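Chain by chain, the residues run as shown.
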Amino acid sequence: MLKGILCIPIICRTIKGTEDPNNTKLHHIPTVGFTWFPAWYWTILKYVTNASELIEEGYTKYKDRPFKFINLCSWVVVLNGGYLKDIRQATDDELSPTKAIHQIFKTQYTEGPNIAQNPYHFSFIRSYFARNVFALYNDIREEMMLAFNEVFDLGNNEWKSIPPLQSLQTIVCRATNRAIVGLPLCRDPDWIAINGDLSDHIRWEAAMLEFFPWFLLPLASYLTNTSGRIKRATKVLLPVINERQKCMGKDEGWLEKPNDCLQVFLDEKMELTVSELAQRLMGINFPANGVLTQAFYNLAAYPQYVQPLREEVEAITKELGWTKEALSEMRKLDSFIKETMRLEGVSPLAMMRKALKDVSLSDGTSIPKGTLLVITYHTIHRNGAVYENPETFEPFRFAFIEDNAKQQLSASNNDWVGFGYGKHPCPGRFFASVLMKTMLAHVLLHYDFRLQGDSARSKSISMATTIMMDPTMKLMVRKRSL
Ligand code: HEM
């Protein structure tokens, strides 16, 4: 019995500190939540179920000072927007975004070990989409229009209640996968079922793994559906690859060779097995549907802005067609999405970084190796010194900035970091911006929409580092009579 009691501190110390032996080096940074076993599970539960509230608590208590909270893999230090420069200027071997992402999303267990070990698809996304997004634009738009028709499935003049999150998940997944795996796979119900809400599954599973110390993660990972997902995706992908490989082997060449990510991976022999290729393609399936759903919802919740947006889209597409120039001229629409991301977006925490060595911030605050650093979006995007009425949704606040290039959705600056900022901004931001603007412009031209009944705009859910849309919310849509 006595031996058992004496063991408790050792077990606690092991659980809490083995990967993060330097946690005593963080005593100078104040804490929100509990730091002692088992109460720290309460803090972890709060982080997983409402990280925004935990951060708000620290922010209210400690104002502009850094503060920390416990996480079973390492301490998380939360910084305000004043430290943006520190994060931007740090080198990758000091503060790593990739290692932070892998720790937060438990990539090794939720996406597969080779994805975590060699995330080369991050730079692939940047270069492939930068080169091809407009070469593939007509295909992507065609897929999006067909998917809208099929998913909304509206008769003439009929109002219908739709679940916007699930509907947009399918539409975004089809349009995105027209560029990733091409036809016919981008329409395959199984492929869509695996990838449509993949990122939500990964986030739920990563959140569930938060409750296990690092050394139990290999065991706890059996609770995830990772291997089931990979097996299912491999099965769907195999016949497509066999078919393509037959065509690749033809001496006379291949006239209708697909232009998509899958073909690049096959041509360059970038993966050894179909299963590894399936994992990589799933790793590229980052969705833009969270922000899109928020923006779609805002269109229904703020009907006074719909007419000016429609007029803008109608006038510009009439003059310039559906082109790169047209999209860049849609400044009100651009600003509408940007404002949506300012107040909501993908996460309460921006620019997550893992300290790979001991570092010292510009004000002298020391951060030991192994710590996770994050910046609160709140302190940047709701900064009253920059934004007038920072808590109010003013959708055209970015539309009249003179320099159009600086105002564009995919461009970041010190005051707007919706896609990150500095050395590692989101590599999918150009693609996501083009897709979101095209989809909302299409919705504006072809549909009427309103909130269902008297429902107020439902709030999004802040789960761990992610903002998720309420999956139960509904909107009313009907075809516009043109
Ligand atoms: C509305 C949609 C999206 C938003 C708001 C968004 C936002 C972000 C943010 C804030 C980061 C972190 C940047 C940083 O740490 O400084 C990020 C990273 C990343 N995003 Fe996106 N993203 C979106 C869509 C996409 C899409 C469509 C793709 C892929 C096609 C993508 C791929 C990635 C990758 C691979 C990273 C990690 C980059 C790295 O650490 O080097 N994202 N994204």
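Structural data are supplied above this passage.
What this report covers is the structure whose coordinates are included nearby. (Residues numbered from 1 in each chain as written. Predicted model: local features only at pLDDT ≥ 70, side-chain atom pairs only at ≥ 80, totals over all residues. Heavy atoms only, no water.)

## Some thoughts on the packing of helix H16 (residues 289–301) against helix H19 (residues 331–343)
Packed helices, taken two at a time, are described by the angle between their axes plus the distance between the axes. Convention followed: An axis is simply a line fitted to the C-alpha atoms; with a helix, the fit covers only the stretch in contact. Between two such axes, the angle follows the N-to-C directions and lies from 0 to 180 degrees. Working definition: helices are DSSP H or I runs of at least four residues, strands are E runs of at least two. Numbering for both runs from the N terminus. In this scheme, roughly parallel covers angles under 35 degrees and roughly antiparallel covers those over 145, while 65 to 115 is roughly perpendicular and the rest are oblique. Any two residues having at least one pair of non-hydrogen atoms within 4.5 Å are treated as being in contact.
At a minimum axis distance of 9 Å, the contact between H16 and H19 shows a crossing angle of 110°. With respect to H19, the axis of H16 lies roughly perpendicular. Here Val291, Gln294, Ala295, Asn298 and Leu299 of H16 lie close against H19, whose contacting residues are Phe336, Ile337, Thr340 and Met341.

## Some remarks on the nonpolar core
Soluble globular proteins: nonpolar side chains tend toward being buried together. Put simply, the test is: Buried residues of nine kinds, namely Ala, Val, Leu, Ile, Met, Phe, Trp, Tyr and Cys, make up a nonpolar core once their side-chain atoms join them within 4.5 Å. The cut-offs for exposure are 20% and 50% of the maximum accessible area for each residue type, with area from a 1.4 Å probe on protein chains only; residues under the lower value are buried, those over the upper are exposed, and the others partly exposed.
Membership of the largest hydrophobic core comes to 89 residues, with the highest contact counts inside it found for Phe296 and Phe449. Here this core takes 11 residues from helix H22 (residues 429–446), the largest share from any one element. Counting residues in hydrophobic clusters, the runner-up holds 47 residues, among them Leu349, Met352, Val359 and Ile380.

## What to know about the environment of Pro258
Its location among the elements puts Pro258 in the loop between helix H13 (226–248) and helix H14 (261–267). Distance from Pro258 to Glu319, taken between C-alpha atoms, is 31 Å for residues 61 residues apart in sequence. Not counting residues up to four positions away in its chain, the partners in contact with Pro258 are Arg244 and Gln263.

## A short note on the site of the ligand
We apply this condition: The cutoff for a nearby residue is simple: one of its non-hydrogen atoms must lie within 4 Å of the molecule or strand. In protein, a polar contact requires one atom able to donate a hydrogen and another able to accept it; more generally it is a pair of N or O atoms within 3.5 Å, and residues adjacent in sequence count only if both atoms are side-chain atoms. Gly falls in the polar group here, along with every residue not listed as nonpolar (Ala, Val, Leu, Ile, Met, Phe, Trp, Tyr, Cys, Pro) or charged (Asp, Glu, Lys, Arg).
Around the ligand, the structure places 24 residues, and the nearest of them are Phe286, Arg353, Phe419, His424 and Cys426. Contacts to the ligand include Arg353, whose side-chain N or O atom sits 2.8 Å from an oxygen atom. For the shell around the ligand, the elements supplying multiple residues, two or more each, are helix H4 (97–104), helix H7 (121–132), strand E5 (349–355) and H22. With three residues, the single largest contributor to the shell around the ligand is H7. When its residues are assigned to classes, the shell around the ligand shows 19 nonpolar, four polar and one charged.

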